[in-house]
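The primary structure of each chain is shown beneath.
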Amino acid sequence: MIKQVLILLLFFISLQSYSQKLVYKSNGNILNSENQKIKPDQVRELLANNEEFLADYNAARSKKTIGNVLLIGGFGFLVADLIHGVTASGMTATPTGGGNYSLQSERTYPTALTYIGVAAIIIAIPVKIGFSKKIKNVVNEYNNQKATGNLDINKQKLDIITNSKGIGFRFTLN
């Protein structure tokens with residue numbers, strides 16, 4: 001009796017580990033059902049059976065990279081132009097003739113770098129929001145697919161069989 005209960009317990013544990021549920025956390029991080037972070041390559045392996053989910057996930061990861069480059073680049077341009085504006089004297093000497101020079105004040109800040117940096121940051125915000133929504137949708141659809149059983153992979157089937165000699169279980173792999 002204990003042996004049969006142990007076999008059933010192991011069977012149900014294997015089914016539970018087979019049906020893995022994914023959880024989305026902020027910044028594109030995906031956790032498994034044990035709240036352990038899954039690397040992007042492992043997520044791609046899980047999504048390998050469904051090309052649509054995999055394509056959406058890869059597109060979202062590309063958006064994340066583009067958003068990070070725009071955000072960091074934008075802040076880099078702003079800081080570089082700020083440093084240039086602080087360290088530049090803003091005065092130019094123009095010769096007026098006879099060895100005399102005229103000092104003129106020039107505006108050195110903001111330059112085009114500031115405007116490029118601001119534009120990059122403004123563009124980065126919707127890109128970063130869009131990637132997180134896309135990954136959330138992939139995770140939700142993956143979990144819904146697992147819950148409804150619409151899988152393109154092998155399906156396991158468990159039947160209860162009864163006859164005159166007793167009750168039993170039949171486990172089939174398709």
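Okay, so let's go over this structure. Computed from a prediction, not measured in an experiment: that's the story for all the values here.

1. Let's talk about the overall build of the chain
Scanning the chain from N- to C-terminus turns up four helices and seven strands. Listed N to C, the secondary structure of the chain is α-β-β-β-α-α-β-β-α-β-β in terms of helices and strands. Evaluated residue by residue, the chain yields a buried proportion of 24% over its 174 residues. A separation threshold of at least 6 residues defines the contact pool for the chain, and within that pool the share at least 24 residues apart is 51%. Accessible area of the chain: about 12,300 Å², with a carbon and sulfur share of 60%.

2. Some words on the pattern of salt bridges
Counting across every chain of the model gives two salt bridges. Here R44 ties to D41 by a salt bridge, and the two come within 3.4 Å at their closest N and O atoms. One end of the pair, R44, and the other, D41, are both in helix α2 (residues 40-46), three residues apart, so they sit about a helical turn from each other. Taking the relative accessible area as the measure of exposure, D41 reaches 54% and is therefore exposed. Across the pair R170 and D159 runs a salt bridge whose closest N-O atoms are separated by 3.2 Å. Taken together, the residues R170 in strand β7 (residues 166-173) and D159 in strand β6 (residues 156-163) connect sequence positions 11 residues apart. R170 sits in the partly exposed class, given a relative accessible area of 43%.

3. Details of the sheet that holds strand β1 (residues 23-24)
If you trace the three strands from one edge of the open sheet to the other, you get β1-β2-β3, paired in antiparallel fashion. At either margin of the open sheet sits one strand with a lone partner, and together these are β1 and β3 (37-38). Taken together, the two bridges between strand β2 (residues 30-31) and β3 define a ladder with antiparallel strand orientation. Bridge pairing in β3 links L31 to K37.

4. Some thoughts on helix α3 (residues 51-87)
A rise of 1.5 Å per residue sets the reference length of α3, with its 37 residues, at 54 Å; its end C-alpha atoms lie 54 Å apart and thus fit the reference within 8%. Measuring from the side-chain oxygen of the N-cap residue of α3 to the backbone nitrogen of E52 gives 3.1 Å; that N-cap residue is N50.

5. Some words on the nonpolar core
Counting 14 residues, the largest nonpolar core has L22, I30, V43, L47, Y57, I135 and V139 as the members making the most contacts within it. At the level of secondary structure, the elements contributing two or more residues to this core comprise α3 and α4 (112-148). Top element by residues in this core is α4. It accounts for five residues. The residues touching I135, leaving out its near neighbours within four places in the chain, are Y24, G28, I30, Y57, A60 and R61.

6. Quick notes on the pairing of β6
Pairing of β6 with β7 involves eight bridges; the strand directions are antiparallel. Looking at the pairing, I160 lines up with F169 of β7. The turn joining β6 and β7, which pair antiparallel and follow one another in sequence, is formed by two residues.

7. Comments concerning unusual backbone geometry
Phi at N27 is positive, roughly 65°, even though this residue is not glycine. Within the element layout of this structure, N27 appears in the loop between β1 and β2. By relative accessible area, which is 44% here, N27 ends up partly exposed.

Calculation notes
- Residues numbered from 1 in each chain as written.
- Predicted model: local features only at pLDDT ≥ 70, side-chain atom pairs only at ≥ 80, totals over all residues.
- Heavy atoms only, no water.
- Helix = DSSP H or I, 4+ residues; strand = E, 2+ residues; numbered from the N terminus.
- Buried < 20%, exposed > 50% of the residue type's maximum accessible area, 1.4 Å probe, protein only.
- Contact = heavy atoms within 4.5 Å.
- Areas by Shrake-Rupley, 256 points an atom, 1.4 Å probe, with all protein chains shown as cover.
- Salt bridge = Lys/Arg side-chain N within 4 Å of Asp/Glu carboxyl O.
- Pairing = 2+ DSSP bridges.
- Expected span 1.5 Å × (residues − 1).
- Polar contact = N/O pair within 3.5 Å; in protein donor to acceptor, adjacent residues only side chain to side chain.
- Core = buried A, V, L, I, M, F, W, Y, C linked by side-chain atoms within 4.5 Å.

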